[in-house]
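Structural features, examined
What follows is each chain in one-letter form.
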Amino acid sequence: MTAEILAVTDHLVLRPMTSGDASALAAYRSDPVQARYQSWETPYSVDSARALIAQMCVVPFGQPGVWFQVAIETGGRLIGDVAVRVDGDDPRLAEVGFTLAADAQGRGFATEALRTVMSLLFTEHGVHRISADCDTRNHRSVALLERVGMRREAHHRQSAWWKGEWTDEYVYAMLTEEWQDEKRGGH
């Protein structure tokens, strides 16, 4: 599969990962602060990054039942990714996640990338509902999900055994009609 561009924003290029991204992907995934609330352990090897990229190279963005990491690039540099999984049983449902390198945070890149990916899912892939979950202690992710207009639907107490402890999780979601209202400036 070629690395066609999915979207270009004011500051970012969103595209599939390529083999040339392996070192940068391994670097930001190896940061213990970035990995704290994520599924992988640190250090995250370049070989692991290559294997993940190779898995994604055989499926297109929005392929039901498969996680797909959308590369977030600025100034020719990979700075993070938005993970997308369209439900394999009902492709009108999707889940998102995100990771941004520490030195790229605080500049609005994650907000810009997540909004753009959500727009692609709603407008080009016919998704009805996008959800995301996060550890309740991950205040930056909570703020991001609320900034893009997702609503908190649930607080699951000690619902996940994560890195050696029971953790609480928030569930956020947005429906396509809520997205359309946001785009029209309504609330």
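Scroll up a little and you will see the structure.
Below is a short write-up of the structure.

Calculation criteria
- Residues numbered from 1 in each chain as written.
- Predicted model: local features only at pLDDT ≥ 70, side-chain atom pairs only at ≥ 80, totals over all residues.
- Heavy atoms only, no water.
- Salt bridge = Lys/Arg side-chain N within 4 Å of Asp/Glu carboxyl O.
- Helix = DSSP H or I, 4+ residues; strand = E, 2+ residues; numbered from the N terminus.
- Buried < 20%, exposed > 50% of the residue type's maximum accessible area, 1.4 Å probe, protein only.
- Pairing = 2+ DSSP bridges.
- Arc of directions from axis to C-beta.
- Contact = heavy atoms within 4.5 Å.
- Patch = residues over 30% accessible without salt bridge, like charges linked within 9 Å, V, L, I, M, F, W, Y side chains within 5 Å.
- Areas by Shrake-Rupley, 256 points an atom, 1.4 Å probe, with all protein chains shown as cover.
- Lys, Arg positive; Asp, Glu negative; His and termini not counted.
- Charge placed at Lys NZ, Arg CZ, Asp CG, Glu CD.
- Phe/Tyr/Trp six-rings, centres within 6.5 Å; stacked < 30°, edge-to-face > 60°.

The subject of this paragraph is the pattern of salt bridges. Per the stated rule, a full pass over the model turns up 13 salt bridges. The salt bridge partner of Arg36 is Glu165, with a shortest N-O separation of 2.7 Å. Taken as a pair, Arg36 in the loop between α2 (32-35) and α3 (46-56) and Glu165 in strand β8 (residues 165-175) lie far apart in primary sequence, 129 residues in all. On the basis of relative accessible area, Arg36 is assigned to the partly exposed category, the value being 28%. We classify Glu165 as partly exposed; its relative accessible area is 26%. Measuring nitrogen to oxygen at the nearest pair gives 2.2 Å for the salt bridge that ties Glu153 to Arg129. Separated by 24 residues along the polypeptide, Glu153 in strand β7 (residues 151-162) and Arg129 in strand β6 (residues 129-135) bring together distant segments of the chain. On the accessibility criterion, Glu153 (37% relative accessible area) is partly exposed.

A few words on the pairing of strand β3 (residues 67-74). Burial analysis of β3 places seven of its eight residues in the buried class, the great majority of the element. Pairing of strand β2 (residues 13-16) with β3 involves four bridges; the strand directions are antiparallel. For Pro16, the partnering residue across the bridge sits in β3 and is Val70. Where β3 meets strand β4 (residues 77-86), eight bridges bridge the pair, whose relative direction is antiparallel. Along β4, the bridge assignment pairs Ala71 with Asp81. The antiparallel pairing of β3 with β4 creates a hairpin that spans two residues between the two strands, and Gly75 there sits at a positive phi of about 55°.

This brings us to α3. Because each turn of an α-helix spans 3.6 residues, side chains separated by three or four positions in sequence point in the same direction. All of the buried residues in α3 are Ala49, Leu52, Ile53 and Met56. The buried residues of α3 all sit within an arc of 95° when viewed along its axis, so they share a single face. Turned more than 90 degrees away from the buried face of α3, the exposed residues are Asp47 and Gln55. Of the surrounding elements, those touching the buried residues of α3 are α1 (22-29) and β3.

Right, let's talk about the side chain of Thr136 for a bit. Residue placement: Thr136 occurs in the loop between β6 and α5 (139-147). Ignoring sequence-local partners within four residues, the contact set of Thr136 consists of Val142, His155, Asp168, Glu169 and Tyr170.

There is a patch of like positive charges on the surface, built from Arg115, Arg140, Arg147 and Lys183. For Lys183, the location among the structural elements is in helix α6 (residues 176-184).

Summed over the entire model, instances satisfying the criterion amount to five aromatic pairs. Relative to Tyr44, the ring of Trp40 lies with its centre 6.1 Å away and its plane at 65°, an arrangement referred to as edge-to-face. We note that Trp40, like Tyr44, is buried. Between the aromatic rings of Phe122 and Trp179, the centroid separation amounts to 5.6 Å while the plane-to-plane angle is 35°, which identifies the pairing as tilted. Of the two residues, Phe122 sits in helix α4 (residues 109-124) while Trp179 sits in helix α6, which places them 57 residues apart along the sequence. Of the two residues examined, Phe122 and Trp179, each falls in the buried class.

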